[in-house]
Amino acid sequence: MRKYRALLLAVFALALLFSLFISLHPRGFSVYVVTIWSNQGILLALAAIAQFFVILVRGIDLSVGPIVALTNVAASYLVHGTPAATALGALAVIALGVVCGLANGTAVVFAGVQPIVATLASGAIFGGLALLLRPVPGGTIDDALSDMMTYDIHGIPTALVILIAVTAAVTWPLRRTRLGLSMYAVGSAEAAAFLTGTRVAAAKLLAYALGGVFASLAGLYVAMVTETGDAGIAPAYTLNSIAAAVLGGVSLSGGIGSPVGAVVGAFILKTVSSAMFFSGLPPLAQPFFEGLVLAIAIVISALGTVRARSRLAVYER
Amino acid sequence: MLARILLAGIASTALFVGVARAEDNYRPECFKPAPKNTKFIQQTPKPGPYRIAFVNGYAGNDWRITAIQSAKAWAARPENKKLLKEFKVVSVGNDSAAQIAAIDNFIAAGFDAITFIAVNPTAFDPVIRRAQKAGVVLVPFDNVLDTDKIVQVNEDQFELGNIKARAVVAALQKENGKVAGKILEVSGLPGNSVDRDNHNGMRAELDKYPDLKVVQVVGNWDAGVGQKVTADAIATEGPFDGVLAQEGTVGVLNAFINAHQKLVPVGGDAGNGARIIIAQNHIPGVTAAQAPALSAMALMTAVAELQGHKLPQTIYFDIPQKPNDQLVEGKDYFPNLPKSFYTTTGFPQCAPVFTPQELLGQTPDNS
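Residues numbered from 1 in each chain as written. Chains lettered and ligands numbered in written order. Predicted model: local features only at pLDDT ≥ 70, side-chain atom pairs only at ≥ 80, totals over all residues.

S.K.: What am I meant to see in the interface of chain A and chain B here?
M.R.: Contact residues are listed per partner, giving 26 residues for chain A and 24 residues for chain B. For the side of chain A that touches chain B, the secondary structure elements donating two or more residues are α2 (31-56), α6 (143-150) and α10 (200-226) of chain A. Residue classes in the side of chain A that touches chain B are distributed as 13 nonpolar, 10 polar and 3 charged. (Contact = placed C-beta atoms within 7 Å. Helix = DSSP H or I, 4+ residues; strand = E, 2+ residues; numbered from the N terminus. Nonpolar A, V, L, I, M, F, W, Y, C, P; charged D, E, K, R; others polar.)

In structure tokens form, the structure reads like this:
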């Protein structure tokens, strides 16, 4: 139970904020409002899961936004036509995400470059590529596919169904397989993990590759929401994905946290923005309040560490 | 009998004219179809008063802030106030997904119409479908969309450039008896259609005169950048016989003054600073502008559409402009207001223009 305290706090905060948002919204609780909220949330949630994997192995990924932009632009060229062509196109977009993630991982693991430097440089390359491919926004995505992915299934937003499915698909192996646990081990204490025979390089590479996969899923979903490829969307994702992960109880020092936490953190951030929107607060005060929510959440999650007698006690949880 | 036939003839002519007039759209002196306009849009009337929202994207420059103030000033006028049950303004930043979500939220909240400056010209097809399904009127303006499904509002950017070039050419003709010499063209932010169309409009006129040599510099629609590139151009290519600027004319003119150059005929924007210099120095030419009050015209368009009036799908409002020798202090320029103030505060053929007091009384905040 103590292990999940940060996550439970985040879930509680999200529930509170969601009720506030719904009570402020003139339409109130309805399928349409929850669908809009889910469509907004899933974009950042997928980017936050991407960020989670890299942070888990004690890295940080400043190229999440640029990968989202690059894969979104790729999707605007590849994801249309016959159902088979669309499916192949989507797979190609995810493959591109894997390539981007592995490029980051290679720079960090084999070239020994600091993650923050490696991903800053690679981010500029990915973002530049996106801009070269689409200097101005454009492209086509199938209308029917877009509607299918961004509406609801019997009143449940499709975005939520997708998000729950992909989060479950990674959460279970992360806790139950050797490779999954070795990512936690590497993030907690790399030297110890190495000495006990953990495959450090493989675990790190896998984490960066999974980061690429989830960033590309975000890029694909942006294409579903906007039916277009736009190289200029990167700034909305990089730092917000880090903030979302931290809000959801993912520790920047590595080894602690879960994809579910990253998702919850992302929805907290988006719900705060949406609630601001109908609150009538001045727009210039909005970043201040968003920052305040973030700061409060970090303080609360840090309280656990402060009260512990030693850092080891934190890892025992 | 003859009189009767004549009368019948007149009546039938009148009827014919009436039919021909019915082909026109609502208030054609105001809502002018763009040259490229191919279709008209008319909805079944919806009873007022209406709930309308303005969803702005980026909010960080004078033009956008003035656009927000103009929209609020329009909504605050008594004759418009009674048309509106609720009016909201939000700025969502440069994020197309966030702008789509904002529009969706207003559709969900049961708003009747939403005006917006699009962050991205192609991202709004899905939300247009949802708006049409819900019977919500969407009116994009300034940065418009690549769609013919909804009414859009703008000024003719080609014509805007062309007006300026025509005025400078006419001034040269009047001064020297011939159109010859060197023209400085200060263009805008490269790589978008607004810059391209303004440039093409200028060149379409200038290229008619083989004795004109044009020197082009890139001013990025910024007074500071405009001043620097003009100073450089004067140093390397000067003197000039005429100058054309898309935006930031105040900087361009300051560069002329600082370099002790003769102030030559100018076709520029209608910024307060530029008009003050032009009026005080009696510089010939014209000032014309993409007016931030387009935000108010978008609201007017939305109301007209809700009331069931027939409108062109692409509306170009008359470009607010004034020949330099007709500028009037306190009406066209305001020495006591900031140089960055946009002097073209409205579209007189559509509604009385805003007074500076009306605009400056509005905050740029969400409401």
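The structure having been displayed, the exposition proceeds.
S.K.: I keep staring at the sheet that holds strand β5 (residues 137-140) of chain B and nothing clicks. Help me out?
M.R.: To summarise the sheet geometry, strands pair through backbone hydrogen bonds and adopt either a parallel or an antiparallel arrangement. Residue and element names in this part refer to chain B. Strand order in the open sheet made by the 4 strands is β3-β2-β4-β5, with parallel pairing throughout. With one partner strand each, in any of the chains shown, β3 (84-91) and β5 form the two edges of the open sheet. On average, each strand axis in the sheet is tilted by 15° relative to the strand beside it, whichever way the strands run. As judged from the 4 bridges shared by strand β4 (residues 113-116) and β5, these two strands associate in the parallel manner. Counted as the bridge partner of F116 is P140 from β5. Along the sheet, helix α2 (residues 62-76) contacts β2 (50-56) and β3; its crossing angle with β3, the most-contacted strand, is approximately 170°. (Pairing = 2+ DSSP bridges. Axes fitted to C-alpha atoms, helices over the stretch in contact; angles between N-to-C directions.)

S.K.: How should the packing of helix α6 (residues 157-176) of chain B against helix α7 (residues 193-206) of chain B be read in this particular structure?
M.R.: Helix packing geometry: the angle between the two helix axes and the distance between the axes. All names here are of chain B. Close contact between α6 and α7 brings their axes to 7 Å; oriented N to C, the two are set at 35°. The handedness of the crossing between α6 and α7 is right-handed. Mapping the contact onto sequence places Q157, F158, E159, L160, G161, N162, K164, A165, R166 and V169 in α6 and V194, D197, N198, H199, N200, G201, M202, A204, E205 and L206 in α7. (Left-handed = near helix turned anticlockwise from the far one by under 90°.)

S.K.: Explain α2 of chain A here, please?
M.R.: In an α-helix, one turn spans 3.6 residues, which is why side chains three or four residues apart end up on the same side. All names here are of chain A. Here α2 spans 35 Å end to end across 26 residues, near enough to the 38 Å set by a 1.5 Å rise per residue. If you look at α2, its biggest bend is around 25°, right at I42. Remark: R58 follows α2 within two positions and exhibits a positive phi of approximately 65°. (Expected span 1.5 Å × (residues − 1). Bend = angle between axes of the 7 residues up to and from the residue.)

S.K.: Help me understand helix α5 (residues 115-133) of chain A in this model?
M.R.: Residue and element names in this part refer to chain A. In a regular helix each residue adds 1.5 Å, so 19 residues correspond to 27 Å; α5 covers 26 Å between its end C-alpha atoms and thus fits that length. Those residues of α5 that fall on the buried side of the exposure criterion are P115, A118, T119, S122, G123, F126, G127 and A130. The arc that holds every buried residue of α5, seen down its axis, measures 155°, which confines them to one face. Projecting away from the buried face of α5 at angles above 90 degrees are the exposed residues V117 and L132. For α5, the secondary structure elements touched by its buried residues are α2, α3 (64-78) and α4 (83-109). (Buried ≥ 20, exposed ≤ 12 C-beta atoms within 10 Å, placed from the backbone. Arc of directions from axis to C-beta.)

S.K.: I'm lost on the nonpolar core in this one. Help?
M.R.: Nonpolar side chains tend to gather and get buried jointly when the protein is soluble and globular. Within the largest apolar cluster, 203 residues are counted, with the highest numbers of intra-cluster contacts made by L46, A47, A48, V68 and A218 of chain A. Here this core spans two domains, since at least three of its residues come from each of domain 1 (40-155 + 292-360) and domain 2 (157-288) of chain B. When near neighbours in sequence (up to four residues on either side) are disregarded, V68 of chain A contacts A47, A215, A218, G219, V222, I233, A234 and Y237 of chain A. (Core = buried A, V, L, I, M, F, W, Y, C linked by C-beta atoms within 7 Å. Domains from an automatic or database assignment.)

S.K.: Could you clarify how one ought to interpret the packing of helix α1 (residues 5-24) of chain A against helix α12 (residues 259-279) of chain A in this entry?
M.R.: All names here are of chain A. Put simply, α1 and α12 touch, their axes get as near as 9 Å, and they point 25° apart. Between α1 and α12, the crossing angle belongs to the class labelled roughly parallel. At the point where α1 passes α12, the crossing takes the left-handed sense. Facing α1, whose interface residues are L7, A10, V11, A13, L14, L17, F18, L20, F21 and L24, α12 presents V260, G261, V264, G265, F267, I268, T271, V272, S274, A275, F278 and S279. Within the contact of α1 with α12, the residues separate by chemical class into 17 nonpolar, 5 polar and no charged. (Parallel < 35°, antiparallel > 145°, perpendicular 65-115°, else oblique.)

All quantities given are derived from atomic positions and should not be read as evidence of function.
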